[in-house]
Amino acid sequence: MAAAAAQGGSMGPLVGAIDQGTSSTRFLVFNANTSELLSHHQVEIKQKFPKEGWVEQDPNDILQSVYECVEKTCEKLNQLNVDIANIKAVGVSNQRETTVVWDKQTGEPLYNAIVWLDLRTQSTVERLLKRIPGHNKSFLKSKTGLPLSTYFSAVKLRWLLDNVKEVRQAVHEGRALFGTIDSWLIWCLTGGKDGGIHCTDVTNASRTMLFNIHSLEWDTELCKFFGIPMEILPKVRSSSEIYGLMKISPILSSGALSGVPISGCLGDQSAALVGQMCFKDGQAKNTYGTGCFLLCNTGQKPALSEHGLLTTVAYKLGRDKPVCYALEGSVAIAGAVVRWLRDNLGIAKSSDEVEKLAAEVGTSYGCYFVPAFSGLYAPYWEPSARGIICGLTQFTNKNHIAFAALEAVCFQTREILDAMNKDCGIPLSQLQVDGGMTNNKILMQLQADILCIPVVKPSMPETTALGAAMAAGAAEGVGVWSLNPDDSTAVTCERFEPQINPEESEYRYTRWKKAVKRSMGWETAEPQVNGNCK
């Protein structure tokens, strides 16, 4: 043990990051001096699809997955002779908008978490739109930066209040707490029903549609519009400060990390922006996860988009630090299309196999795939769209469909990048990328070809977790991580240069846009119930 302590001691301070995404949970531990990733563990999260368009997760499953990842990572560190007592802080990064309501007396969720890309609230959105002059989706944009959409937490919370008796009753009796995944995890990890801290950070709050992104407070008028009681909302804090200390959990047999401060909290896309060191105006990154998210730092002034992008809080790295904003292009389905090919169609046993299938043909052979499973997000905000595959011939096979699926991710990115360039006025000369899908070399080369600019991928792709660790390590009272770009280790990158001529790229993109038009106006508000349903 002495040797382990000596080994760990020479390494300097460590910082942990809980990275709770839509498809998996991870716990990663970084060296605060070098940003090196020392160890991590990952658990895939089960998604439930109880009805067409519905997507849920069990909040207790999510919590258990966090405990399991912490436990396993700490075991791996012990095997490496790294003393876990050197973990000085923990940061949280999370899937945004996903909505949980729980009972503060029992600590139990009152319903499954409604996941960000769930569509059950379409009729709720349409009902709310009827109360807005001219049925204008952008009516609340001046306060929230967001269009009225199924995507954001307020409409999910409204649905829960309208449709779940347990939630209504708990609110009425003063037992209910609302939060996005960060709030649920921080509350549980800091004691739960025995004194857990009920808080969120500005980045997650800015995705609820209840938060005024200028005053940085919950907005009474917005809460009134959605009919949300303000007493169930978490306290809004900065993205980098000590929220509370980890409590010993009976589930963590080792008592690992008890007493360690949780001192960083960022929605996953903001965390990736921080992890990519995009601290200057005009710096941008694109994250390829379940969905695809392009964020561009716009500095201390919120910029409103004229081209279908969202205005969101990028970060506020300390109580007394300024808030920074970003423009965001959000695509609902990116990695999820690969998972769909694997789980729903069974044309591949793994994500790697999808890449192999695509590589074997190197073309979609005129086949285009618009994966609008949850409608279309940016820049269209068209909830009536549904997925289509078109341009099929007798020659088309599963390889072409795999290629078309990867191409779809790249075309969607091109659409939001075009919107971003129009809004910012200065076209990006290269695209910084991260996220699980960036391991797919075919995808990265395709992306460079379709954008006609180089794509740059850091050799350590875990930038979301890194961003949460940076915020936690830099917090006042922890102070083990410097956010000064001059102090950071130079990041090695892999570059993908465009390899096709711009005319061909343009031709394919034009055909894609034609396919997008065909996907629109497909669905009415209420999904049709099958005749054989009870």
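The name an unreviewed UniProt entry assigns to the protein is glycerol kinase, from the organism Salvator merianae. A UniProt comment under Pathway (unreviewed entry) is attached to the protein, and it reads "Polyol metabolism; glycerol degradation via glycerol kinase pathway; sn-glycerol 3-phosphate from glycerol: step 1/1." The UniProt entry for the protein carries the following text under Sequence similarities (unreviewed entry): "Belongs to the FGGY kinase family."

> Where do I start with the overall build of the protein in this structure?
For the protein, the count of helices and strands is 16 helices and 23 strands. By the compact-globule yardstick of 24 Å for 534 residues, the protein fits well, its C-alpha radius of gyration being 22 Å. Each principal axis of the C-alpha distribution contributes one length, and for the protein these read about 65 × 55 × 45 Å. The buried share among the 534 residues of the protein stands at 61%. Nonlocal contacts in the protein, meaning residues at least 24 apart in sequence, comprise 72% of its contacts between residues at least 6 apart. Split by element, the accessible area of the protein, about 21100 Å² in all, is 51% carbon and sulfur. Here the protein contributes 51 positive and 55 negative side-chain charges, whose respective centroids are spaced 4 Å apart.

> Any chance you could explain the nonpolar core here in plain terms?
For soluble globular proteins, the rule of thumb is that nonpolar side chains tend to be buried together. Among the nonpolar cores identified, the biggest contains 139 residues, and L148, F226, Y288 and L431 are the most heavily contacted of them. With 14 residues, helix α13 (residues 398–424) is the single largest residue contributor to this core. Discounting residues that sit within four places of it in the chain, L431 has contacts with N286, Y288, L294, T413, L417, L451, I453, P454, V455 and V456.

> Please explain helix α7 (residues 181–189) as it appears in this structure.
Since there are 3.6 residues in each turn of an α-helix, residues three or four apart along the chain are aligned in direction. Taken across its 9 residues, α7 has 9 buried, putting it largely inside the fold. Note on α7: the residue one or two positions beyond its end, G191, has a positive phi of about 130°.

> Help me understand the packing of helix α10 (residues 268–275) against helix α15 (residues 463–473) in this model?
Between two packed helices, both the angle of their axes relative to each other and the distance between the axes serve to describe the pair. Look at α10 against α15: their axes get within 7 Å of each other, and the N-to-C directions meet at 80°. By the angle class used here, α10 and α15 are roughly perpendicular. Touching D268, A271, A272, V274 and G275 of α10 are T463, T464, L466, G467, A468 and M470, all from α15. Of the residues in the contact of α10 with α15, the class split is 6 nonpolar, 4 polar and 1 charged.

> Help me understand the packing of helix α12 (residues 351–361) against α13, please; the structure alone is not making it clear to me.
At a minimum axis distance of 8 Å, the contact between α12 and α13 shows a crossing angle of 105°. Comparing the axis directions of α12 and α13 gives the class roughly perpendicular. On the side of α12, the interface is formed by V354, L357, A358, E360 and V361, while α13 contributes K398, N399, H400, A402, F403 and L406. When grouped by side-chain class, the residues that make up the contact of α12 with α13 number 7 nonpolar, 2 polar and 2 charged.

> How do you make sense of the sheet that holds strand β1 (residues 14–20) when you look at a structure like this?
By way of backbone hydrogen bonds, the strands of a sheet pair with one another, either parallel or antiparallel. Taken together, the 6 strands give an open sheet; going across it, the order is β3-β2-β1-β5-β14-β13, and neighbouring strands pair in mixed fashion. Of all the strands in the sheet, the pair left with one neighbour each is β3 (37–44) and β13 (240–245). Taking each pair of neighbouring strands and ignoring which way they run, the sheet shows an average axis angle of 25°.

Scoring rules and cut-offs
Residues numbered from 1 in each chain as written. Predicted model: local features only at pLDDT ≥ 70, side-chain atom pairs only at ≥ 80, totals over all residues. Heavy atoms only, no water. UniProt positions renumbered as here; feature names shortened; annotations may be inferred. Helix = DSSP H or I, 4+ residues; strand = E, 2+ residues; numbered from the N terminus. Rg over C-alpha atoms; globule rule 2.2 N^0.38 Å. Buried < 20%, exposed > 50% of the residue type's maximum accessible area, 1.4 Å probe, protein only. Contact = heavy atoms within 4.5 Å. Areas by Shrake-Rupley, 256 points an atom, 1.4 Å probe, with all protein chains shown as cover. Lys, Arg positive; Asp, Glu negative; His and termini not counted. Charge placed at Lys NZ, Arg CZ, Asp CG, Glu CD. Core = buried A, V, L, I, M, F, W, Y, C linked by side-chain atoms within 4.5 Å. Axes fitted to C-alpha atoms, helices over the stretch in contact; angles between N-to-C directions. Parallel < 35°, antiparallel > 145°, perpendicular 65-115°, else oblique. Nonpolar A, V, L, I, M, F, W, Y, C, P; charged D, E, K, R; others polar. Pairing = 2+ DSSP bridges.

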